[in-house]
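Observations on chain architecture
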Amino acid sequence: CICASQWLKQKMESFGNQAISFPLAVDHNIYNTDNKQTRKKHTIAFYARRSTPRRLYELGVLALRELFDLGDYFELITFGEEDLPNLGLPVKVSHKGILSSNELASLYKQCTIGLVLSGTNYSLVPNEMMACGLPVVDIDAEHTRLSYEAETAFLAKATPVGLASALSRLLNDDSFRESRAKSGLEKTKELQWDDSSQLIERFIHESLKFSPKSSE
């Protein structure tokens, strides 16, 4: 089994399967900190993938409502789906729909925090956000602890209050936010698709006891 996380690898091995995991990497030609834009304050980019249950859309909306109830000022940019219902939030909300890679990178370079929730396996989105210098909030669970490098994504209790508290800290604690952004940026620099593909290639060769012929 070829798995896109350590958590999935462990799941496969628990069923007696031979498995390998590869990290979800980043196209650094697109997702980087080369920035002609000014990063906004108090702006949250929310990956609102309502049609995909593992993205925990409802929990994210409840967390944002809780954040407003805490008294925090913020603006919200949602993306990941063509249409969304009204979120019932008395804040400025801009919905961007489905974006191209370059449009995503531009969004990540403008915002203050990324909110990406993973009910099972993690997404490509958080690493791409962090490669643009954007700190990320996700839930604290076995699968996320196995997926992220330490001190990168800010993992919060999977409740509206827990997530709102994490978002509030990143919004208001400049030093903490900058520390997480720096750590995420440094560690995502090591995530290269060539490395992931070579890992998979070696696994296939070893598993099939196959040696590629020399190119004569």
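Residues numbered from 1 in each chain as written. Predicted model: local features only at pLDDT ≥ 70, side-chain atom pairs only at ≥ 80, totals over all residues. Heavy atoms only, no water.

We now examine the overall build of the protein. In terms of regular secondary structure, the protein is built from eight helices and eight strands. At 19 Å, the protein has a C-alpha radius of gyration in line with the 17 Å of a compact globule built from 216 residues. Based on the C-alpha atoms only, the size of the protein along its principal axes is roughly 65 × 40 × 35 Å. Counting the 216 residues in the protein, one finds 46% classified as buried. Excluding contacts between residues fewer than 6 apart, the proportion of contacts in the protein whose partners are at least 24 apart in sequence is 64%. As displayed, the protein has an accessible area near 11400 Å², and 49% of this comes from carbon and sulfur atoms. (Helix = DSSP H or I, 4+ residues; strand = E, 2+ residues; numbered from the N terminus. Rg over C-alpha atoms; globule rule 2.2 N^0.38 Å. Buried < 20%, exposed > 50% of the residue type's maximum accessible area, 1.4 Å probe, protein only. Contact = heavy atoms within 4.5 Å. Areas by Shrake-Rupley, 256 points an atom, 1.4 Å probe, with all protein chains shown as cover.)

Right, let's get into the packing of helix H6 (residues 160-172) against helix H7 (residues 174-188). Where H6 contacts H7, the axes come no closer than 5 Å and their chain directions differ by 100°. Regarding the angle of H6 to H7, the classification is roughly perpendicular. Residues Arg169, Leu170, Leu171 and Asn172 of H6 form the contact with H7, whose own contacting residues are Asp174, Phe176, Arg177 and Arg180. Here the contact of H6 with H7 is built from residues that sort into three nonpolar, one polar and four charged. (Axes fitted to C-alpha atoms, helices over the stretch in contact; angles between N-to-C directions. Parallel < 35°, antiparallel > 145°, perpendicular 65-115°, else oblique. Nonpolar A, V, L, I, M, F, W, Y, C, P; charged D, E, K, R; others polar.)

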